[in-house]
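Below, each chain spelled out in residue letters.
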Amino acid sequence: MATRDPSVAFGQLADTAATVASTRSKNAKRDHLAAFLRRLEPQDLAAATIFFAGRPLADPAAKLGLGWVQQGAALVAAAGTDEGALREAYLRHSDVGDAAAELLARREPEPPALTIADVAAGLAEVAGAGSAEKRVAAMNALFRRATADEARFLARIVSRETRIGLREGLLEEAVAAAFDADLDAVRRAHMLTGAIDETARLARENRLAEAGLHVGRPIRFMLASPLADAAEVMRRVDGEAWIEDKYDGIRAQLHLDAAGQIRLFSRDLNDVTRSFPEVAAAAGALADAAPLVVDGELVPWRAGSVLDFAALQTRLGRVRPSAELLQEVPVVLVAFDLLHHAGRDLIETPLRERRAALEALGLPERTGERLLLSHVASARSAEEVDRHFDGARARRNEGLMVKDPASVYQPGRRGLGWLKLKKALATLDCVVVGVEWGHGKRRDVLSDYTFAVRETDATDASLLTIGKAYTGLTDTEIAEMTERFRAITLRDFGRYRTVVPEVVVEIAFDRLMRSSRHRSGFAMRFPRIVRIRDDKTPAETDTLASVEALFAEQASGRILLATGAGGETERIAASGATGDGRRTEAG
Ligand code: AMP
C-alpha cells in the first residue's frame, strides 16, 4: 500500500480560520490563507477549501441531514450537558459556533486529536448514515474529539452558518496566491467547475486551462437584478429590449449525460429528479443531443397554460409524488438557457448563440410538451414593454425578464445581464426570528411570524426586525411549520417564542414606512407572507441596504407594488396611499 502523507491537524485549520476572521487587512487575510493552503497535500487541500467555503461536504447536492435539533443533540451529549444549557449558550452568543465552544470548553477532548481527513471522513459518515439517530451518533463522535476551538469551527460548518464562509473572492485570491496562479484563470475555473476544491487542485497542478463544466454536477444559477418599471427597461437597453416571460415556478437545471443519465437540480443545488419524474422521463427524448445542460423553470401546466403557483406548492417537498398527484398537478420545464451541448460548454458564449442552440433542440415536439421554450419577444419603447408585461400576465406569468443578448452566463451572479420586472417588485426575503400563537381557530398553531433583514452583507451581520405577519399558508403547512418552530425554539415567552433564524420567507407589502417599532427602522404596510423560501438560506435574505433602496424607489413613485388584497399590479405615486380599511400590521 502506498503510504500517504499524514493529514494536517484540524486544529491548524480552525486556527487559520480564526486568524483570518480577526485580521482586518484583506491582503493579510489572503496571504495567511494562501500560506496554509500551500502546505497541504491534495486530499487535505480539497477538504480545507470546502470547509473554508463554509460547506461540510464536497458535493454541492449532498446533504448532511443534521438540523438544529440533531446537531444540538450531538453537541450536548459530547459536552455532557442538556438542551437547556445549549439554548442558554446560544442566546448568550447568538452563534452556534461560540455556543458549542463554550459547552465543550468545560471538558477534555477525547484522543486522538482530529485531523482534516478525520473531519472530512466523519462528515461524510454523517451524510451517509441511514437514520437520524446514526447521524447524531456520527456527529457526536466528531464533537467528542474536538477542542473548544475546533468545535466552534465544526459547528459553524455543520449548521452552514454564514460567518465561517470566507468571501468567495477571497478564497479564490488565496488559491491563486498559494499556487502562483493567475487570478482570472482561477475565477474562470471556479465559475466553470462550480467547485472550489477542484479549482484548487487544478491551480496546484498548473492545469487551470483544463477546467470545464461537469455534466451531472450542478453549477450555480445566474440571477437577475430588479427593475422598477418599463421606462427603466428602456434606459437600460440599447434601443431594443430582449424580453422573456417570467414564469412563476421553481428554478431547475437539467443534466443529461452521455450515458443517458438524467438529473434535475434545484436552485439550492439539490437533486430533485425523483420529485419530477415526468420531466426527467421526457428529457430522455433528447439523448442524441447529450451531453446537455438546460436551465429553466419548473411550472405546473395543463392544457397549454400555467397553473397557479399554489398548485406547484403541493408538489414541493414530495420526494416521490403519487400517481394521483402527478395527474392532478402536471409539471413541465420551461427551458430558457442552454449551458452545455454535445460536449461544448456554452457558458462563455453570448446568450444570442445559446438561445439559437436551445431552439435547435426542437424541444416541445420531441419531449411531448414536457419541455417547453420560454416566450421571447422584443420591444423598442416603454409602451411596448408594458404591452408585453400585460401579455405575460395574461399568460398567467409573473412578469418579464429582460436579458442582454450579448451577455455570457454568470453562475451565481446577480449582474445586469439579466433584469426582472415583476408583478410585486416590492417583496423582501426575510428570516423568521420569532413566532406567536394565533387567535381563534389558530390558537393552537404558531401562525404569526416576526421576521428580520440583515444589517449588512457581512457574514456576521446582525438581524434587524422589520415586520410581523400572519402566514398565507394552508392549515397543513401551518401545522408543519408549527412543529418545525417548536423544534427550533430558543426561548419560550408564553405567547411569543424566539427561534433559530433559519426559515426564510418572502414578504409582500403595500409600502415601506420609517418606523421606530422595529429595529430596522422600517415597518411595512399590509405585510403578507408570499411563500416560505426553503430554496434560500438566511445568508441570501435582503439587507438593510436593499430596504433603503426600495424605500427610495418608492418615494420616486417609479416602483411597482402589489396591492393588499388582489395582488394586482399598481403604480403608487409618492403621495398615494392605497388600501384604506385593510388590515394593518398586527402587533
Ligand atoms: P427572483 O426569484 O424574483 O429573484 O427572479 C429570478 C427568477 O425568475 C429566476 O431564478 C428564475 O427562477 C425565474 N424565471 C422565470 N422565468 C425566467 C426566465 N424566462 N429567465 C430567467 N429566469 C426566469
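Heads up: the structure comes first, above all this text.
The rules behind the values
- Residues numbered from 1 in each chain as written.
- Predicted model: local features only at pLDDT ≥ 70, side-chain atom pairs only at ≥ 80, totals over all residues.
- Heavy atoms only, no water.
- Helix = DSSP H or I, 4+ residues; strand = E, 2+ residues; numbered from the N terminus.
- Rg over C-alpha atoms; globule rule 2.2 N^0.38 Å.
- Buried < 20%, exposed > 50% of the residue type's maximum accessible area, 1.4 Å probe, protein only.
- Contact = heavy atoms within 4.5 Å.
- Areas by Shrake-Rupley, 256 points an atom, 1.4 Å probe, with all protein chains shown as cover.
- Lys, Arg positive; Asp, Glu negative; His and termini not counted.
- Charge placed at Lys NZ, Arg CZ, Asp CG, Glu CD.
- Pairing = 2+ DSSP bridges.

Take the overall build of the protein chain next. For the protein chain, the count of helices and strands is 21 helices and 23 strands. Here the C-alpha atoms of the protein chain give a radius of gyration of 25 Å, agreeing with the 25 Å that 2.2 N^0.38 yields for 587 residues. On the principal axes, the C-alpha backbone points of the protein chain span a range of 70 × 60 × 50 Å. The 587 residues of the protein chain split such that 53% are buried. Long-range contacts, defined as pairs at least 24 residues apart, comprise 69% of the intrachain contacts of the protein chain with a sequence gap of at least 6. As displayed, the protein chain has an accessible area near 25,100 Å², and 50% of this comes from carbon and sulfur atoms. The distance from the centre of the 80 positive side-chain charges to the centre of the 85 negative ones in the protein chain is 2 Å.

On the secondary structure map, E108 appears in the loop between α6 (96-104) and α7 (116-128). Along the primary structure E108 and F143 are separated by 35 residues, whereas in three dimensions their C-alpha atoms are 11 Å apart.

Where burial is concerned, most of strand β3 (residues 250-256) is hidden: seven out of the seven residues are buried. Here β3 shows two buried faces, one formed by I250, A252, L254 and L256 and the other by R251, Q253 and H255. Inspection of the sheet shows β3 paired to strand β5 (residues 292-302) by seven bridges, in the antiparallel sense. Its bridge partner being in β5, A252 is matched across the sheet by G296. Judged from the five bridges that link them, β3 and strand β4 (residues 262-266) form a sheet pairing that is antiparallel. Residue L254 lies in a different strand from β4, and its bridge partner there is L264.

None of this, on its own, says anything about what the molecule does.
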